[in-house]
Amino acid sequence: MMIQLAFDRMTIDEAIQLGQRVREYVDWMEVGTSLIKEFGMESIKALREAFPDKTIVADMKTFDNARYEFDLCYASGADVATVMGAAPTVTIDVCMEVAAQRGKRVMVDLLNTPVPHLESIYRYKEAILCAHVSKDQQEIAGERQSLEWLTQIQRIGTDGPRLALAGGITADDLFALSRVKPYVVIIGSAITNAEDPVAQARKIRETADALKGEMLCE
Ligand SMILES: O=C(CO)[C@H](O)[C@H](O)COP(=O)(O)O
């Protein structure tokens, strides 16, 4: 399984410094939406340059203007870019087309995607679908909305697109989440806000490795 580390609410330099400390424990590195909003494409270019051996995910959360935004992300060095599942079908179609033209990948963020719309998203077999509990849901609810989240995950199934999971995930959650066989587990604050990010990243890696066979591998 892949561990994707999300960098959010920090500077580009802070992201690179932290990434260098934990690089051996993570597979994919995400340029978080907050970095892209604050620093633009420079954030993607800088992480690409700093981590040439890692899969770089641009969490662009595109909702419209897909060709322009996905071309920007891929030209800046992203291997994967994200589009919202609630976006118009034509927008997701264009993301898939641009990715195919460039030999890159698409992650569809299912945050707040209406259930009837989910059905049309399952047909994107080449995409990675991301079941996501938002930061606001995590903060306002005051606790993990795991039940709602797991219900959503069960709807995805395992025979179509690959599955990513995100939203306040910690090392302690990995065992429970392994039953849906995620392809990527996205972890941000559990590492980036930890007192000892290296120890947390190592713990997450070791836990994930112990669950090998429960997760999909590349
Ligand atoms: O997409 C995101 C926020 O919109 C984050 O990258 C994702 O939720 C992972 O971060 P955390 O583990 O802190 O929730």
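Our subject is the structure listed above.
Residue numbers run consecutively from 1 along every chain, following the written order of its sequence. For a predicted model such as this one, the threshold for reporting local features is a pLDDT of at least 70, and the threshold for listing and counting side-chain atom pairs is 80 or more; totals across whole chains, interfaces and linings nevertheless cover every residue.

### A look at the overall build of the protein
The following threshold applies: Runs of E in the DSSP output that reach at least two residues are strands. Runs of H or I that reach at least four are helices, and both are numbered from the N terminus. Neighbour density around each residue's C-beta defines its exposure: 20 or more other C-beta atoms within 10 Å make it buried, 12 or fewer make it exposed, and counts between make it partly exposed, where C-beta atoms are placed from the backbone. For every residue pair, C-beta atoms are placed from the backbone, and the pair is scored as a contact if these atoms sit within 7 Å.
Within the protein one finds 11 helices and 8 strands. The 218 residues of the protein split such that 41% are buried. In the protein, the proportion of contacts linking residues at least 24 apart, taken out of those at least 6 apart, comes to 62%.

### A few points about the site of the ligand
Heads up, the rule is: What makes a residue near a molecule or strand is its C-beta atom, placed from the backbone, lying within 6 Å of it. Amino acids outside the nonpolar list (Ala, Val, Leu, Ile, Met, Phe, Trp, Tyr, Cys, Pro) and the charged list (Asp, Glu, Lys, Arg) are all regarded as polar, and Gly is one of them.
Around the ligand, the surrounding shell holds 17 residues, and the nearest of these are Ala6, Ala166, Gly168, Gly188 and Ser189. Broken down by secondary-structure element, the contributors of at least two residues to the shell around the ligand are strand S8 (184-187) and helix H10 (189-192). Of the residues assigned to the shell around the ligand, the class counts are 6 nonpolar, 7 polar and 4 charged.

### Details of helix H11 (residues 197-210)
An α-helical turn contains 3.6 residues, so a residue and the one three or four places further along point in the same direction. The test is simple: Each residue after the first adds 1.5 Å to the expected span of a helix. Note that the arc is computed from the directions linking the helix axis to the C-beta atoms.
Its 14 residues give H11 an end-to-end C-alpha distance of 20 Å, which sits within 8% of 20 Å, the value for a rise of 1.5 Å per residue. Among the residues of H11, those classed as buried are Gln200, Ala201, Ile204 and Ala208. Mapping the buried residues of H11 onto a view down its axis gives an arc of 100°, with all of them on the same face. Of the residues in H11, the exposed ones pointing more than 90 degrees away from the buried face are Glu206, Asp209 and Ala210. Those residues of H11 that are buried lie in contact with strand S1 (2-7), helix H1 (12-22), helix H9 (174-177), S8 and H10.

### Quick word on unusual backbone geometry
Notably, lysine 61 is not glycine yet its phi reads approximately 50°, a positive angle. Structurally, lysine 61 is set in strand S3 (residues 55-62). If you check the backbone angles, asparagine 65 has positive phi at about 60° while not being a glycine. Tracing the chain through its elements places asparagine 65 in the loop between S3 and helix H4 (66-75). Assessed through the 11 C-beta atoms surrounding it within 10 Å, asparagine 65 is described here as exposed.

### Regarding the nonpolar core
Note the cut-off: What we call a nonpolar core is a set of buried Ala, Val, Leu, Ile, Met, Phe, Trp, Tyr and Cys residues whose membership is set by joining through C-beta atoms within 7 Å.
Counting residues in each nonpolar core, the largest one holds 63 residues, and the members touching the most others are Ala58, Cys95, Ala164, Val185 and Ile187. What cysteine 95 contacts, discounting residues up to four positions off in sequence, is Thr62, Ala66, Phe70, Val83 and Val106.

### Notes on the packing of H1 against helix H3 (residues 41-50)
This is how the line gets drawn: Axis definition: a line fitted to C-alpha atoms, limited for helices to the stretch in contact. Angles are taken between N-to-C directions and run from 0 to 180 degrees. Throughout this description, any angle smaller than 35 degrees is read as roughly parallel, any larger than 145 degrees as roughly antiparallel, any in the 65 to 115 degree range as roughly perpendicular, and the remainder as oblique. Here is the rule for handedness: rotate from the far helix to the near one, and if that takes an anticlockwise turn smaller than a right angle the crossing is left-handed, while a clockwise turn gives right-handed.
Relative orientation of the contacting elements H1 and H3 amounts to 25°, with a least axis distance of 10 Å. By the angle between their axes, H1 is roughly parallel relative to H3. Considering the relative orientation of H1 and H3, their crossing is right-handed. Side by side, H1 and H3 meet where Ile12, Ala15, Ile16 and Gly19 of the first sit next to Glu42, Ser43, Ala46, Leu47 and Ala50 of the second. The residue makeup of the contact of H1 with H3, split by class, is 6 nonpolar, 2 polar and 1 charged.

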